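# Analysis of the macromolecular model
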Amino acid sequence: MKIALIRREYITHLDGVNRFIALLGEGLRKLGHEVEVFSWCYRDVERERLEEWFREIHGLDTTIPIYTLRKKPCKGDPWIKIALDWFLKGSKILQSKDYDVLIVNGVIPLRFSPKIAVNHGITIEANRFIYHIIRMLYRHYDRVICVSHKLREEVKKVLGVSCNVIPLPMKLELYSPRDLNERENVAIHIGTRPVKNPHISIEAVKILRKRGFNVRLIIVGALGTHPTNNGVEIRRGLTEDEKNKLLCEAKALILPSRYEALPYVVLEAMACGTPVIVSNAVPDEVVINGFNGIRVGSFNPEDYANALESLLKNDELWLRLSKNSLEFVKQFSHIEIAKKYIDLIRELL
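About the cut-offs
- Residues numbered from 1 in each chain as written.
- Predicted model: local features only at pLDDT ≥ 70, side-chain atom pairs only at ≥ 80, totals over all residues.
- Heavy atoms only, no water.
- 1 Å grid on protein atoms, 1.4 Å probe; cavity = no way out; pocket = protein on both sides within 12 Å on 5 of 7 lines; lining within 4 Å.
- Points joined across faces, edges and corners; volume = space filled by probe spheres on them.
- Helix = DSSP H or I, 4+ residues; strand = E, 2+ residues; numbered from the N terminus.
- Disulfide = S-S within 2.5 Å.
- Buried < 20%, exposed > 50% of the residue type's maximum accessible area, 1.4 Å probe, protein only.
- Pairing = 2+ DSSP bridges.
- Axes fitted to C-alpha atoms, helices over the stretch in contact; angles between N-to-C directions.
- Contact = heavy atoms within 4.5 Å.
- Expected span 1.5 Å × (residues − 1).
- Polar contact = N/O pair within 3.5 Å; in protein donor to acceptor, adjacent residues only side chain to side chain.
- Salt bridge = Lys/Arg side-chain N within 4 Å of Asp/Glu carboxyl O.

What follows deals with the layout of surface pockets. Taken as a whole, the second largest pocket spans an internal volume of roughly 160 Å³. What lines the second largest pocket is simply Phe87, Ile108, Pro109, Leu110, Lys115, Ile133, Met136, Leu137, His140 and Tyr141. It is helix H4 (residues 128-138) that provides the largest number of residues to the lining of the second largest pocket, a total of three residues.

All right, on to the state of the cysteines then. As enumerated under the stated definition, the model contains one disulfide in all. Shown here is the disulfide that connects Cys41 with Cys74, its sulfur atoms set 2.2 Å apart. Taking the sign of the S-S torsion, about 80° here, the bridge from Cys41 to Cys74 comes out right-handed. Of this pair, Cys41 sits in strand S2 (residues 34-41) while Cys74 sits in the loop between strand S3 (66-68) and helix H3 (79-96), placing them 33 residues apart in sequence. This pair shows no difference in class: Cys41 is buried, exactly as Cys74 is.

Within a sheet, adjacent strands bond to each other through the backbone by hydrogen bonds, running parallel or antiparallel. Judged by pairing direction, the sheet is parallel, and its seven strands sit side by side in the order S3-S2-S1-S4-S5-S6-S7 without closing on themselves. Taken across any chain shown, the strands that pair with only one partner, and hence form the sheet edges, are S3 and strand S7 (164-165). As judged from the four bridges shared by strand S5 (residues 115-119) and strand S6 (residues 143-146), these two strands associate in the parallel manner. Residue pairing for S6: Ala117 is matched across the bridge by Val144.

Of the consecutive residues Ser113 and Pro114, the connecting peptide bond is found in the cis state with omega at 0°. Backbone geometry places Asp44, a non-glycine residue, at a positive phi of 65°. As for its placement among the helices and strands, Asp44 is situated in the loop between S2 and helix H2 (50-57). Given a relative accessible area of 78%, Asp44 falls into the exposed group. Look at Asn197: it is not a glycine, yet its phi comes out positive at around 50°. Here Asn197 is to be found in the loop between strand S8 (186-190) and helix H6 (198-210).

Moving on: the sheet that holds strand S13 (residues 294-296). What the six strands build is an open sheet, ordered S10-S9-S8-S11-S12-S13; its pairing is parallel. Of all strands in the sheet, those with a lone pairing partner are strand S10 (232-235) and S13, marking the two edges. Each strand of the sheet is rotated relative to its neighbour by a mean of 25°, with strand direction disregarded. Summarising the sheet, strand S9 (residues 216-220) and S10 pair through four bridges and their orientation is parallel. Across the sheet, residue Ile219 finds its bridge partner in S10, namely Ile234. Along the sheet, helix H7 (residues 240-249) contacts S8, S9, S10 and strand S11 (252-255); its crossing angle with S8, the most-contacted strand, is approximately 140°.

A water-sized probe rolled over the atoms picks out the places where empty space is left. Under the defined criterion, the tally for this structure stands at one cavity of 30 Å³ or more. Here the largest cavity defines a volume of roughly 50 Å³. Every residue lining the largest cavity is listed: Arg19, Glu56, Ile57, His58, Gly59, Leu174, Tyr175, Glu240, Asp241 and Asn244. Listed by contribution, the elements that provide at least two residues to the lining of the largest cavity are H2 and H7.

This next bit is on H6. Because each turn of an α-helix spans 3.6 residues, side chains separated by three or four positions end up pointing in the same direction. A rise of 1.5 Å per residue sets the reference length of H6, with its 13 residues, at 18 Å; its end C-alpha atoms lie 19 Å apart and thus fit the reference within 8%. If you follow the buried residues of H6, they end up packed against S8, S9, S10, S11 and helix H9 (301-313).

What follows is about the side chain of Asn105. In this structure, Asn105 sits in strand S4 (residues 101-105). Polar contacts involving the side chain of Asn105 include one to the side chain of His120, which spans 2.8 Å. Apart from the residues within four sequence positions on either side, Asn105 is in contact with Ile6, Arg7, Arg8, Val17, Phe20, Ile21, Val118 and His120.

With that settled, the discussion passes to the pattern of salt bridges. Considering all chains together, one arrives at 31 salt bridges under this definition. When the shortest N-O distance is used, the salt bridge between Lys243 and Glu268 registers 2.9 Å. Placement of the pair is Lys243 in helix H7 and Glu268 in helix H8 (residues 264-271), with a sequence separation of 25 residues. Here Lys243 and Glu268 have matching classes, each one buried. Across the pair Lys339 and Glu336 runs a salt bridge, and its minimum N-O distance is 3.3 Å. With a gap of three residues between them, Lys339 and Glu336 both fall in helix H11 (residues 334-348), about one helical turn apart. On the basis of relative accessible area, Glu336 is assigned to the partly exposed category, the value being 37%.

These values are about where atoms sit, not about what they do.
Here it is, written out as structure tokens:
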């Protein structure tokens, strides 16, 4: 089959949506299908290097053709302009390419069928008008996919839209887990937007250091105005290889996030055999308390400090969570997830 993977705005964003597009695209290609990526625009990358950059940044074995509606780099997110470009220009181009199906990330108005929308999370800041527009757009899609059962419930409640559930794809061979005795007393926090609550991880490590634990926190991302002393380091501009290496050498991932649909970073930590400490915002179906991670039912830094302390003091607990994580994450293989999409597409054709 000939399949187009669509990104509503920028294919150069370093986020989970483009990671999804890259890994699903490679999975589909390895199953023998023709795959191309379409995006509204790009930025911060030279156009002639876009496909090579995309392959390198996402650790792909193959180069996927990438097309953009806008021929020059863009700035900003002019949502009305983006929607009009897709409806007026994008629809015509996509119809001329003889695709069998579109898989669209970020719902947009398109005159094409069949098309599948993939919902990666509810925009918690959106207002009722935005939700109404999104709800109207979804009515013109043949199927809507949510990346977790938790998200399916949210989409049904907020938007009144029914979803199938297909999880995120993972390329497991990108990760090289270290043994416990090869790891440093380091906790990793990835993401510095307010919803990720980096201040909680910072305070948790400060508490442990006051208790006498020689533990450090590495925060991946731009930290803003948060203090960076008391054993806290900031790492900006890391490649995926560098980030994965950090995760595989650390003792734990801390994610005290306020909202998650299905966080890639948790799956990445599991693929590294690194135990995760997460808030209840992370779906129960992904982190099972005491089996493949530790769930904290609050946003109190002391509770996260206590969870991290238990991992640092109890090797048996750490090894059990690590072993179970490595086994659990196998179900997210990008080849197996690609097969689920092919089964769905065949139902629609």
